[in-house]
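Residues per chain are reported as follows:
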Amino acid sequence: MSSQDAYLDRPRASFINQDSNSQTASPANSTTILPKAEHDGQHTARPANKKRGLIFWLACLAALVIVVLAVILPVYFTVIKKNNDNKSSSASGTGNGTDDGHTGDGTGPSATGAITGGDGSQVTLEDGSTFTYRNQFGGFWVSDPSDPFASFAKPNSWTPALNESWTYGKDRIYGVNLGGWLVLEPFISPALFQKYPNTVDEWSLSEAMAADTAGGGLAQLEEHYKTFITEQDFAEIAGAGLNWVRIPIPFWAIDKWDGEPFLDKVCWKYALKAFAWARKYGLRVNLDLHSIPGSQSGYNHSGKMGQVNFLHGPMGIANAQRALNYMRIFTEFISQPEYQDVVPMFGIINEAVLAVIGRDALTSFYVEAYDMIRNITGVGEGKGFYISLHDGGAMDMTQWDGFLAGSDRIVMDRHPYTSFGGATFTEPIATGMGADAGGVWVATACSWAAEQVRLSGTFGFTYAGEWTNGYNDCGLFLTGVGGTHNYAGDCGLWEDASTWNDSVIAGVAAQSAAYMDSLKDYFFWTWKIGNSTAGHVQTPLWSYQLGLEGGWILKDPRQAAGKCADIPVFDGNYQPWMTGGAGAGTITATGAAAGTPWPPAELLGADVPATDLPQYTSTGTVHTLPGPTDTPGATKVTGWYDAQDTGLAPTTIPGCAYPDPWDALNAAIPTGCSAT
């Protein structure tokens, strides 16, 4: 997110307003997926032994056939018939595998085990409780206990199933972030921070929780993981007409080092659940590495608020070495054939601040990370995920034109916020109920289209990884715990949506639709905001879920089309290398940053050449990510895609007195810790 970004959480609400016009008449149309012939046999063997009542029984039969056609056959033709050629799911032992199949025996889903359902079907959760799936857009879920990596579900009729090809520039990303879940932020989960005054980030919150053993200790974090986002959220996201989720994840999902207070490894269990739920409801995942050793931004969602010690200052290279290793471990996991379809995009670092780090250093790192990733996945369409790079908060986006031209499937992530630029936001958004609703903020939202389109031609696929309805900087903890607001009016209005009148709702709704139309491919920040101790959401502009409930976010994102008049629209025709086609992986001589050395020659915030700065040695143990433990039969996810990737992990050089890697900007540079 942007500089002062913080985030809140809210308890799940039943927000999707449903009417009686569901897609099927069945009140609970979940069903076991069976071969078509078996269904035909079941539903035609109804002999009429008596003439009396024949018309009644024929009417019943007709109704039953309608249910079959409406429920079973769409699933059969979309799921079973289309995927007869899927290969068996198994972990690959090489970095050049092309197996993208995910069924257990290579012939389609289990004949008796797979359960599916559309609108009105009953979903049973792992604790035995149930809820009713609501999806008026033709989406259906699929769960096959005998083949947990089956990828046949669809969130709606216009989105390809996970085992079908996604065409960037043609298929639209309608996505939301699951912010504040696995990476905590004060404005998203305010009650957790209110319980421990003076905590400002996950670092200080973890320290306070660990000291409070009577109050639950660090186990409180796992309770948050368990309850803040659940399977029902994924079902509701699909039911809202959305098709992607962006999941921020911290490096401590893998491990932590001495002195770091985080609850390490635990959130990975919930990331695995997220992948399974996304697969079940047909949602694609953009996994985003949100927190980096030493902090890449100094923001509270980077792990620790304050200094930037990644690619900056005395510990900048050492922290970057750790970051590369974490990216490598995530890459190895999600490149496995079991996960390639459900996690087709990886954001390698969130909001590294270009103004602090400098373009040369960040460019050098991006090139090194790209080379490392493609050495693991291979090059070309179908070889691993799209690599998402954040723009660094650049004001002049032309500096990214032609970056790594000829590379393989890199995409640009932008965060078009207006909340944090220091403005006083004096222009009203509540300007009436008609075409003028939203005032100048509609035009502001529409103005983002031009740069999105231009970058699509000069860089490649460009999307908004974060955007919001928060046109101002109001909201509890939005600018950080203890932060101040520049808004010239009364922020109290924007901290309680129950006080909004029709004009306010119409204005926010108009701005929201304009962003959707302008950005085309996007992830709203964020899906939900948690209640504060006041008992309600105090940053309602930032909650998609609350916006659906309150009527200021469209229940069908496609209806935003045309909200912005006379904006440019990219035609969807990328250069072949941008999508893994001809020329991909051959970086051109004119490509910006081609041949950039790693490590960079120097870092900002350090007075000596980068080669003289403290570094780690690659002699440590690699901590791989485990797969799910409840897979059936011989199915086993090893966590490691490329068997030829046998390098060790960074670790400290014996005898080196390293500065604090999170607080090193004013530290003396030690001797005996460099590569030379």
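Here the structure is a predicted model, which is why all the values come from computation and not from measurement. (Residues numbered from 1 in each chain as written. Predicted model: local features only at pLDDT ≥ 70, side-chain atom pairs only at ≥ 80, totals over all residues. Heavy atoms only, no water.)

Trainee: So, helix α7 (residues 266-281): which residues are in play, and what are the values?
Mentor: When the terminal C-alpha atoms of α7 are compared, their 24 Å separation across 16 residues agrees well with the 22 Å that a helix rising 1.5 Å per residue should span. Most of α7 sits out of view: 13 of its 16 residues are buried. Looking at the residues trailing α7, positive phi occurs at G282, about 80 degrees. (Helix = DSSP H or I, 4+ residues; strand = E, 2+ residues; numbered from the N terminus. Expected span 1.5 Å × (residues − 1). Buried < 20%, exposed > 50% of the residue type's maximum accessible area, 1.4 Å probe, protein only.)

Trainee: Would you mind going over the pattern of salt bridges in detail, with residue names and values included?
Mentor: The full count for this structure, using the stated rule, is 18 salt bridges. The partner of D391 in a salt bridge is R414, with the nearest N and O atoms 3.8 Å apart. Linking D391 in the loop between β10 (386-390) and β11 (410-414) with R414 in strand β11, this pair joins segments that are 23 residues apart in sequence. Here R414 falls in the buried class, since its relative accessible area comes to 8%. (Salt bridge = Lys/Arg side-chain N within 4 Å of Asp/Glu carboxyl O.)

Trainee: Break down the packing of helix α5 (residues 219-228) against α7 for me, with residues and values.
Mentor: Direction vectors running N to C along α5 and α7 enclose 10 degrees, while the axes themselves pass 10 Å from each other. When the axes of α5 and α7 are compared, the pair comes out roughly parallel. Where α5 approaches α7, its residues E222, Y225 and K226 are matched on the opposing element by V266, C267, K269 and Y270. In terms of residue class, the contact of α5 with α7 is made up of four nonpolar, no polar and three charged. (Axes fitted to C-alpha atoms, helices over the stretch in contact; angles between N-to-C directions. Parallel < 35°, antiparallel > 145°, perpendicular 65-115°, else oblique. Contact = heavy atoms within 4.5 Å. Nonpolar A, V, L, I, M, F, W, Y, C, P; charged D, E, K, R; others polar.)

Trainee: Summarise the confidence of the model for the chain; cite the residues concerned and give the values.
Mentor: As a note on interpretation, predicted positions should not be read in detail where pLDDT is low. Mean pLDDT over the chain stands at 86; residues scoring 70 or higher make up 82%. Taking the mean pLDDT of every element in the chain, the minimum, 35, falls on helix α1 (residues 36-44) and the maximum, 99, on strand β7 (residues 244-250). Contacts of residues 65-112 to residues separated by more than four positions or lying in other chains number 116 contacts, the stretch itself having pLDDT below 50. (pLDDT = per-residue confidence, 0-100.)

Trainee: Outline helix α4 (residues 202-211), listing residues and values.
Mentor: For α4, the full list of buried residues reads E202, W203, S204, L205, S206 and M209. At its buried positions, α4 is contacted by α3 (190-195) and α5. If you check the start of α4, you find a side-chain oxygen 3.3 Å away from the backbone N of W203, and it comes from D201. (Polar contact = N/O pair within 3.5 Å; in protein donor to acceptor, adjacent residues only side chain to side chain.)

Trainee: Could you give an account of the environment of L389, naming the residues involved and the relevant values?
Mentor: Residue position: L389 is located in strand β10. Here L389 falls in the buried class, since its relative accessible area comes to 2%. Once the C-alpha coordinates of L389 and Y366 are considered, the two residues, 23 residues apart in sequence, prove to be 7.8 Å apart. Discounting residues that sit within four places of it in the chain, L389 has contacts with I348, Y366, F403, I410, V411, M412, D413 and F459.

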